[in-house]
Amino acid sequence: MNYILECNNLSKVYSGFLALDRLNLKIPSGRIIGLLGPNGSGKSTLIKLINGLLTATEGDILFDSQPLGIHSREHISYLPDRMYLPEWMKIHEVFTYFDDFYKDFNKEKALYMLKDLGIDENKRLKTLSKGTKEKVQLILVMSRNAKLYLLDEPIAGVDPAARDYILKTIISNYNPDASLIISTHLISDIETVLDDVLFLQNGKITLSATVDQIREEKQKSVDQLFREVFKC
Amino acid sequence: MAWELSDDRPIYLQLMEHIQGDILSGVYPLGGKLPSVRDLAACASVNPNTMQKALSELERSGLLYSQRTSGRFVTEDEQLIQSLQASIAEKEIAEFLKKMERFGLKKEDIIKLIR
Amino acid sequence: MLGKLLKYELKATARYFVPLLATFGGITLLFKLFMMMIGFGNDPLRMTLSIFIVTIYVVAVIALYLMCFIISFYRFYKNFYTDEGYLSFTLPVSINLQILNKLLISIFWFVISSVAFMFSIFIFLAGTPYWTDFCHVLSLSFQEFNKIDPGIRFLFITETLSSLILSAISSPLFVYLCITIGGLLPNHRLAASIGTYFLATAALSLVTNIFSSIFPNFMNFTGLEKFCYYLLPMMIIGSIIEIIVSFFLTRYLMERKTNL
């Protein structure tokens, strides 16, 4: 079987703190995967390692059977958990920027979604509200025809109506040959969208199953299970 | 509108029941074409793979059939629909009678009441 | 890809440099106008005013070059070691091109600023009594220079030019290295980058001092010949080493040690 992403014995130590602990992970193509865990469990660390924004202390990552590099950056569409676009640009300038650098970027699709959400493309990013900026970033990321999407907390800051639109966008835009990893702690909102869930706890994967497996075996939703497992 | 899905049962089973209901009630007529997996998934706000699984299961039961190039269709077999309706009715009635028995109502009393 | 990087970097830096150069041009014209209004003469009031204006002008020139340096520093820091790094580091572009991009744009604005500076000197002097003095000094220097042995002359020109070009390349790269080292820290990266820069500059000048005290020949300024044989070649070699070390170490740290 071919995996789009493999992590082998991946560890990350931050100033004495073990954020990821010999983690092993294999992601096949064509799956929507929820990376679930409380704050500080290592979700962002894992996603940043896959994007080359962090350097692993130990272990390695293979994307499309190759080490990380230009190839992985060409085919991974990443939504960080923060605003990362140059604030001085106008929205249509950022779209052109993505169009220039990513061969798989579909500008028409992006403009269409922008119109759908009623955002003016001539606005400067600086002048937008936090929620609108998040929407613009999500549009950019989802308008790429990537092999792997990594969305770090994509729905945390937006209102419920926009959340529904975003989930629909994810479902109807993602390429069935691609895989999508969503990290979040707001599970009930996205549960029905997921194929598989990964529970991350103290830098280790403690559960890996399909949503329907969990429902069938435990007669409860992933959200309920999550609340039990990560009870304070 | 996302479909109402409950928390305690597998999603694909609930999707199957929902589509089956739509077929029996005529939302999707006999021999009619079903929307694509992607559209159905987007409509229900569920994962396309899960929707695919539900549709495959319905195909196995004979309620749907797919044509390689043109998509998925509702069966034209009226008898299948009727027998399905009958079996669902039987099941629901049995449950209903059991419930009514708890309140001391016999079959004859209930029939009288319905009339 | 380099062309696209250059396009956006030029756009981003022009936001600072266009107003900056416009201000500089404005100051030049304003002072020129002022000088023309007060006229030229040797009375104390005019002398004082002239000195005052020239002093402000020198400050403006220093500020222009300082801004070149600061903007170059800030762009690299902002692009790679703030939240924008999440975009820059995930672009499908090699680190080589990313560094080259920043370097070329830094040099470009340095050259433009120098052209602006020379142009403003010309505007300042043209039509004033100083213009003839200036031309006289220039022609005298040329005459003197022409008396020198052609071999040494050629050596001096080529060495001076290469040394200038090489230091225009090495100084931004050195700055980038300091920022990258500062960027290794999880927090306070800007302060760490600036600190690294001052420490590294101090260390470099210490090395230079020790070197020149061991080999006093290199600090011998008696005659152009000595200058061309010792100091200039040494400066060229020093710049080349600085370029190689800065570039490869920066690239290594960005590719292998990034921790945003």
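Since we're looking at a predicted model, the values are computed, not measured.

(A) Seen up close, the overall build of chain A. Scanning chain A for helices and strands turns up 9 helices and 10 strands. Sorting the 232 residues of chain A into buried and exposed places 56% on the buried side. The contacts in chain A between residues at least 6 apart in sequence include a share of 70% that link residues at least 24 apart. A total of about 9600 Å² of accessible surface is found on chain A, and carbon and sulfur atoms cover 47% of it. Distance between charge centroids for chain A: 4 Å, based on 29 positive and 31 negative side chains.

(B) Expanded view of the sheet that holds strand E8 (residues 179–184) of chain A. All names here are of chain A. Pairing in this open sheet of 6 strands is mixed, and the strands run E6-E7-E8-E3-E9-E10 from one edge to the other. The open sheet has two free edges, formed respectively by strand E6 (76–79) and strand E10 (204–210), since each of these has just one partner strand. Each strand axis lies, on average, 15° off the axis of its neighbour in the sheet, ignoring direction. Where E6 meets strand E7 (residues 148–152), 4 bridges bridge the pair, whose relative direction is parallel. What sits directly across from Ser-77, in E7, is Tyr-149. Those strands touched by helix H5 (residues 130–142) are E6, E7 and E8, and its axis lies near 170° from that of E6.

(C) Up close: the interface of chain A and chain C. Of the residues lining the interface, 27 residues belong to chain A; the matching set on chain C comes to 25 residues. If you sort the residues of chain A by the area they bury against chain C, Leu-53, Trp-88 and Phe-101 of chain A come out on top, with a joint share of 29%. At the boundary of chain A and chain C, one finds 3 salt bridges. With a shortest N-O distance of 3.7 Å, Lys-11 of chain C and Glu-93 of chain A are connected by a salt bridge. Counting every contact that joins chain A to chain C gives 16 residue pairs in polar contact (both at pLDDT 80 or more). Sorting elements by how many residues they give to the side of chain A that touches chain C places helix H3 (residues 91–101) of chain A first, with 6 residues. The class makeup of the residues in the side of chain A that touches chain C is 15 nonpolar, 4 polar and 8 charged.

(D) Fine view of the UniProt feature "domain: HTH gntR-type" (unreviewed entry) in chain B. Sequence positions flagged by UniProt for "domain: HTH gntR-type" (unreviewed entry) are, in local numbering, residues 9–77 of chain B. Across residues 9–77 of chain B one finds 51% helix and 12% strand; the C-alpha atoms that close the span lie 30 Å apart.

(E) Region of the structure containing the sheet that holds strand E4 (residues 58–63) of chain A. Residue and element names in this part refer to chain A. Spatially, the 4 strands line up as an open sheet ordered E2-E1-E4-E5, and their pairing is antiparallel. The open sheet has two free edges, formed respectively by strand E2 (17–28) and strand E5 (66–67), since each of these has just one partner strand. Across 5 bridges, strand E1 (residues 3–14) lies against E4 in antiparallel orientation. Paired with Cys-7 across the two strands is Ile-61, which belongs to E4.

Here is what the cut-offs are and how they apply
Residues numbered from 1 in each chain as written. Chains lettered and ligands numbered in written order. Predicted model: local features only at pLDDT ≥ 70, side-chain atom pairs only at ≥ 80, totals over all residues. Heavy atoms only, no water. Helix = DSSP H or I, 4+ residues; strand = E, 2+ residues; numbered from the N terminus. Buried < 20%, exposed > 50% of the residue type's maximum accessible area, 1.4 Å probe, protein only. Contact = heavy atoms within 4.5 Å. Areas by Shrake-Rupley, 256 points an atom, 1.4 Å probe, with all protein chains shown as cover. Lys, Arg positive; Asp, Glu negative; His and termini not counted. Charge placed at Lys NZ, Arg CZ, Asp CG, Glu CD. Pairing = 2+ DSSP bridges. Axes fitted to C-alpha atoms, helices over the stretch in contact; angles between N-to-C directions. Buried area = accessible area lost by both parts, 1.4 Å probe. Salt bridge = Lys/Arg side-chain N within 4 Å of Asp/Glu carboxyl O. Polar contact = N/O pair within 3.5 Å; in protein donor to acceptor, adjacent residues only side chain to side chain. Nonpolar A, V, L, I, M, F, W, Y, C, P; charged D, E, K, R; others polar. UniProt positions renumbered as here; feature names shortened; annotations may be inferred.

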